[in-house]
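A closer look at the structure
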Amino acid sequence: SSVKVVADYALSKSQNQASRAYTPTSAVYYYISEMPSGMEMNKIDVRKNLDSHFHSDSWVCHREIVRQEGRRRDQEGWFESPYMSRVHLAFNWSHIPDYLTFDEHYKLAIYVRPSRCNKLECTSTGRRISEVENIPCLQPLGLPSWFIDSNTMRNNILNLTLLSLDDARFRVEVHIINGLALPYAEYFKETMTIFIDYPQRAKYLDNQSGKRIMSPLLNHEEKSINMVHMFGIRYDQGHSTLIRPPMNLPPRWKSFERGRMLIGLNTTLRKRPPKMKYAPKSDADNFWNNPYSSVDDAKQHTDTYLETFHGLIYDMSDGSHAYDLESLILPYLPYFSNCREFDSYIPLWAVVESATECNLPGVTKDFPSSWWRRNIPSIPHQDDVIAVGPFDFMRFYPVADWCERKIRCNYDENLSDIDMAPRWFEGDTGVALFSIIRDPINYNEYTGRDRSIIGKADGGGQKYVKAANSIEQFVPATIDRSAALSIEGGCTILCFPRKVTLDIAYYQMDHKTKRIVQTNVIYDEFDKDFTSDDYELHVKFYPLNYQELIIKFAFSRNLFLLLFAQIGTATVVVAMVYWVVTRLTTNLENPPPLRLYGFLSIIIPPAFLGFILGLIPVSVATAAVFWLLKGFSVFTLETDPTGRNWLFLPSLSLQYSDARGDPDDLFISQQGRAGLSFVTIGIVSMYYTAKAFVPDRTSSAQHDMPRGYYDLGAREVNSWKRSNLIYSSILMGLFLVIIMEWSFWPSFGVYIWEAIILMKILSIIVGAIVDAQIGDNLLSAPVMTAMGLVQGIVTMSS
């Protein structure tokens, strides 16, 4: 007997494909009992019976069904290119006759899936028919301008590069469009070589870890593939306000209708294409605005083209979307375009992970020919990587990737023009061009999606930026233009660096993972020749040793707390040894004993009491300010979470000309009131500090009063001293604000030693003025301590 089991499987509407519905499916299973009821069979008969059934089932199972397992002609010639793969296409057309003209006799077509585009059709009479959407798109990718230029020689070895921004599949075809060229069709066969590379050194993951599901638009089985990681490039709207936006901003939306791939012409210095200026595909002036009439349209187009360079924000509370683009995560370096080997898009990982192009530093004083690192390849095998951890001070030097290489580039900008905003090569020292995400990011963090398919909460790269817990996760690439100071006559406008160095220092956390620590863009070798647009991009990517990691605070906070405790303990031990040596070598017959507990009992209680008494007024003032500005976050969090109705603040106008306040300006007004709150807390602290340093005099102490004050009462004298101390403290505070603002000067770090010497001399002069103003060393000491503290802050931060 057999038992029939029917299993129903219903797939509801997908959350991400709401318009697609699936009908329920069913399957029939048979359970065959080893001993059929009502029959007596021996084991041999039972085995024969089962073998008969299984043989029949096996034949059915292994029978080929052409519809499911047959040869699929539509997949022939297609190559998979997962997310962030970089495909090198090399065409050896050196044997193609010169009289065969590209775009006249033959064409090169590269098709990409997934893609979708509209096709305009016409009737036989030439009448236009409405556009028809093709999925996948039947049109090939647009080739680079340098490739299709008539001055480019095609009977040569040509190289194209495809950078996949999402999971994709591509196919390369050569189309013979002139019948006279048909006899030469065989010349194009087997002339293409494909090499596919992907990032694997930022965070190395083997086949047993770090998997993700490939996009179902390409693979119906949704197979698992390796989860690659890379160092993303953050570019903000704030960067574009200080420096003119780059020429290689990414294309978006409809520009990717033929496939989410960036294509470039890969040329070397010996085979350079004709000089052409790169035509940007994005409107830099309106790049940060929503290009569509509504947020819903933006969401629809974002889902259609799998866009990631957008500003859509999903509100989970009401299920609505808003558009506010402030940040991008780019897979390539902005500004550096029109470069040999990379065209207009230079992925950072492709530059620093090339075992054939990366080199160790040349022989210099710092890196002699006997340097130990020269015995190891610049890109060592993954198994040979040795990290330097927080407690590996005995190892000191890591064994990790060290890449230095040169890339020849041309400025895409018209050098003879003068722009309102400084261009990237005219930026001043200290300005950040972009930021590098310090830790490698994966597919989900780059795309802002939880899966390989679209969803409601897709936020693009900006989603990761907004979810960042700290600004320390982004390492700014700051400009160093100090070499321009030596140019006679100044070097600001129409002065061009011919050597640009991208200096990236990183921390090898373990044998698999890297973390970016510092990034600088150094300009050098300036001239004023606007007729030449050549420059060299030098890339330096190297690990920091243990000492450098300590200096740059690359380790965790706990290590530095431990290091601080060790230094304090070592200091106490040294003092103890000094006391023991002094005790053993003293000439006194009866040296005094060490009264440690008695000493601590004298100094600790007053210090602790003074700390508590000084903390009380500051805490009260801070609590009052918080209640006034942010009290709604505690008292009315449920009813008024944004504070639009908190106390009387929303109704106050920002300036006298306003009739009443605008609740939408609440955040701006809070920033101004926060500054006033700091001033208030500072004055309260000065007032109580003055009372602590100038206590009330008793009548018995009036004989100690200075000459000239006998005609005044003790109360008036104390009041004058306190007022004078507060007045001097306020003036000193204003002066220190000027020093603090001076430290934000872009060239402050360049002249740091001159600044330190100047501030030392300045502190002597200011100290004499304060002593003359206050007339009491006890009262002038805290005022000058504030100046020493600010000097330490500004010099350390530089």
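In this convention, every chain numbers its residues from 1, walking through the sequence in written order. In keeping with the predicted nature of the model, local features appear solely for residues at pLDDT of at least 70, side-chain atom pairs appear and are counted solely at 80 or more, and the whole-chain, interface and lining totals rest on all residues. Note that the side-chain values use all heavy atoms of the structure and ignore hydrogens as well as water.

**As for the overall build of the chain**
To keep it simple, the criterion reads: A run of H or I in DSSP becomes a helix once it reaches four residues, and a run of E becomes a strand once it reaches two; helices and strands are each numbered from the N terminus. What makes two residues a contact is simply this: any of their non-hydrogen atoms within 4.5 Å. Each accessible area is a Shrake-Rupley estimate made with a 1.4 Å probe; only the visible protein chains count as cover when residues are assessed.
Tallying secondary structure elements over the chain gives 16 helices and 23 strands in all. The contacts of the chain with a sequence gap of at least 6 include a subset with a gap of at least 24, amounting to 74%. Only carbon and sulfur atoms are counted for the fraction: they give 57% of the accessible area of the chain, which is about 46800 Å².

**Quick notes on the state of the cysteines**
The condition that has to hold: The disulfide criterion used throughout: a pair of cysteine sulfur atoms within 2.5 Å. Burial classification: accessible surface area is computed with a 1.4 Å probe over protein chains only, and a residue below 20% of its type maximum counts as buried, one above 50% as exposed, and the rest as partly exposed.
This structure, assessed with the given rule, holds 4 disulfides. Between the sulfur of Cys-117 and that of Cys-137 lies a disulfide, 1.9 Å long from S to S. Across the S-S bond of Cys-117 and Cys-137 the torsion is about 85°, and the bridge reads as right-handed. One end of the pair, Cys-117, is in strand β6 (residues 117–122); the other, Cys-137, is in the loop between β7 (128–134) and α3 (145–148), with 20 residues separating them in the sequence. The disulfide partner of Cys-491 is Cys-495, and the gap between their sulfur atoms is 1.7 Å. The disulfide joining Cys-491 to Cys-495 has a torsion of about -90° about its S-S bond and is therefore left-handed. Assessed through its relative accessible area of 7%, Cys-491 is described here as buried. Overall, Cys-495 belongs to the buried group, its relative accessible area being 0%. The connectivity of the disulfide bonds within the chain can be written as 1-2, 3-6, 4-5, 7-8, using the sequence rank of each bonded cysteine.

**Digging into helix α11 (residues 596–630)**
Selection criterion: One fewer than the residue count of a helix, multiplied by 1.5 Å, yields its expected span.
Over its 35 residues, α11 extends 47 Å from the first C-alpha to the last, a length consistent with the 51 Å expected when each residue adds 1.5 Å. Listing the buried residues of α11 in full gives Pro-617, Ala-621, Val-625 and Leu-629.

**Describing the packing of aromatic side chains**
Under the convention used in this document: Between rings of Phe, Tyr and Trp, where Trp is taken as its six-membered ring, a pair exists when centres lie within 6.5 Å; planes separated by under 30 degrees are stacked, by over 60 edge-to-face, and by other angles tilted.
Considering all chains together, one arrives at 38 aromatic pairs under this definition. Judged by centre distance (5.9 Å) and plane angle (70°), the ring pair of Tyr-99 and Tyr-184 falls under edge-to-face. Highlighted residues: Tyr-99 in the loop between β4 (86–92) and β5 (106–113) and Tyr-184 in the loop between β9 (168–176) and β10 (192–197), separated in sequence by 85 residues. You can call Tyr-99 exposed: its relative accessible area is 53%.

**Notes on the pattern of salt bridges**
Convention followed: The rule for a salt bridge is simple: a side-chain nitrogen of Lys or Arg has to be within 4 Å of a carboxyl oxygen of Asp or Glu.
Under the counting rule described, the total for this entry stands at 22 salt bridges. The salt bridge partner of Arg-169 is Glu-80, with a shortest N-O separation of 3.7 Å. Here Glu-80 lies in strand β3 (residues 79–81) and Arg-169 lies in strand β9, a separation of 89 residues in the sequence. In this structure, Lys-254 engages Glu-257 in a salt bridge whose closest nitrogen and oxygen atoms are separated by 3.0 Å. By relative accessible area, which is 43% here, Lys-254 ends up partly exposed. Under the relative-accessibility criterion, Glu-257 is labelled buried at 14%.

**Structural notes on the environment of Tyr-506**
For Tyr-506, the location among the structural elements is in strand β21 (residues 496–508). It is 4.9 Å that separates the C-alpha atoms of Tyr-506 and Val-517, two residues lying 11 residues apart in sequence. Setting aside residues up to four positions removed in sequence, Tyr-506 forms contacts with Ala-400, Asp-401, Lys-514, Arg-515, Ile-516, Val-517, Phe-541, Tyr-542, Pro-543 and Leu-544.

**Thoughts on unusual backbone geometry**
Backbone torsion omega between Arg-113 and Pro-114 reads -5°, so that peptide bond is classified as cis. Put simply, Ile-135 and Pro-136 share a cis peptide bond, and its omega is 0°. Here Pro-136 shows up in the loop between β7 and α3. In the Ramachandran plot, Glu-341 falls in the positive-phi region, its phi being about 75° despite a non-glycine side chain. Note on Glu-341: relative accessible area 23%, which makes it partly exposed. Even without being glycine, Phe-396 reaches a positive phi, approximately 70°. Inspection of the secondary structure assignment puts Phe-396 in the loop between α6 (348–352) and β18 (403–410). According to the relative accessible area criterion, Phe-396 is partly exposed, its value standing at 22%.

**Focus on the pairing of strand β8 (residues 157–164)**
So the rule is basically this: Here, a strand pair is defined by DSSP locating no fewer than two bridges between the strands.
In terms of residue burial, β8 counts as a mostly covered element, since 6 of its 8 residues are buried. In this sheet, β8 lies alongside β4 in antiparallel orientation, the contact comprising 7 bridges. When the sheet's bridge partners are listed, Val-87 is paired in β8 with Leu-162. Pairing of β8 with strand β14 (residues 261–265), which is carried by 5 bridges, proceeds in the antiparallel orientation. From the neighbouring strand, Leu-163 faces β14, where its bridge partner is Leu-262.

**Brief notes about helix α15 (residues 752–774)**
Relative to the 33 Å expected for 23 residues at 1.5 Å per residue, α15 spans 31 Å between its end C-alpha atoms, a close match to the ideal helical length. Taken as a whole, α15 has its buried residues at Ile-752, Ala-755, Met-759, Ser-763, Val-766, Gly-767, Val-770 and Ile-774.

**Description of the nonpolar core**
Put simply, the test is: Working definition of a nonpolar core: buried Ala, Val, Leu, Ile, Met, Phe, Trp, Tyr and Cys residues. They are joined through side-chain atoms within 4.5 Å.
In this structure, Phe-336, Trp-424, Leu-433, Phe-434, Tyr-446, Tyr-535 and Leu-537 are the most contacted members of the largest nonpolar core, which totals 80 residues. Ignoring anything within four residues of it in the chain, the contact list for Leu-433 reads Tyr-235, His-239, Ile-243, Tyr-335, Trp-424, Ala-477, Ile-479, Val-521 and Tyr-523. Within the second largest apolar cluster, 27 residues are counted, among which are Trp-93, Phe-170, Tyr-184 and Met-261.

**Observations concerning the sheet that holds β8**
We apply this condition: For helices, the fitted axis covers only the stretch in contact; all axes are lines through C-alpha atoms, and the angles between them, taken along N-to-C directions, range from 0 to 180 degrees.
Strand order in the open sheet made by the 4 strands is β10-β4-β8-β14, with antiparallel pairing throughout. The sheet terminates laterally at β10 and β14, the two strands that pair on one side only. For this sheet, the mean angle separating the axes of adjacent strands, direction not counted, is 20°.

**Some thoughts on the confidence of the model for the chain**
Note the following rule: Confidence of the predictor at the level of single residues is given by pLDDT, which spans 0 to 100.
Per-residue confidence for the chain averages 83 on the pLDDT scale, and 83% of its residues sit at or above 70. A low-confidence stretch, residues 1–20 (pLDDT under 50), is modelled with 37 contacts involving residues beyond four sequence positions or located in other chains.

**Some points on the sheet that holds strand β20 (residues 474–480)**
The pairing of strands in a sheet happens through backbone hydrogen bonds and is either parallel or antiparallel. One open sheet holds the 8 strands; their spatial order is β17-β13-β19-β20-β22-β21-β23-β18, and the pairing between them is mixed. Single-partner strands in this sheet number two, and they are β17 (327–330) and β18. On average, each strand axis in the sheet is tilted by 25° relative to the strand beside it, whichever way the strands run. In the sheet, strand β13 (residues 233–236) pairs with strand β19 (residues 432–437) via 2 bridges, with the strands oriented antiparallel. Note on β19: the bridge partner recorded for Arg-234 is Ser-435.

**With respect to the side chain of Asn-724**
Tracing the sequence through the fold places Asn-724 in helix α14 (residues 714–742). Non-local contacts of Asn-724, meaning those with residues more than four positions away in its chain, are made with Gln-773 and Ile-774.

**Quick look at the pairing of strand β22 (residues 514–527)**
Inspection of the sheet shows β20 paired to β22 by 4 bridges, in the parallel sense. Opposite Ile-479, over in β22, you have Val-521 as the bridge partner. The pairing of β21 with β22 spans 12 bridges and is antiparallel. Directly across from Ile-504, in β22, lies its bridge partner Thr-519. Hairpin geometry of β21 and β22 is characterised by an intervening segment of 5 residues between the two adjacent antiparallel strands.

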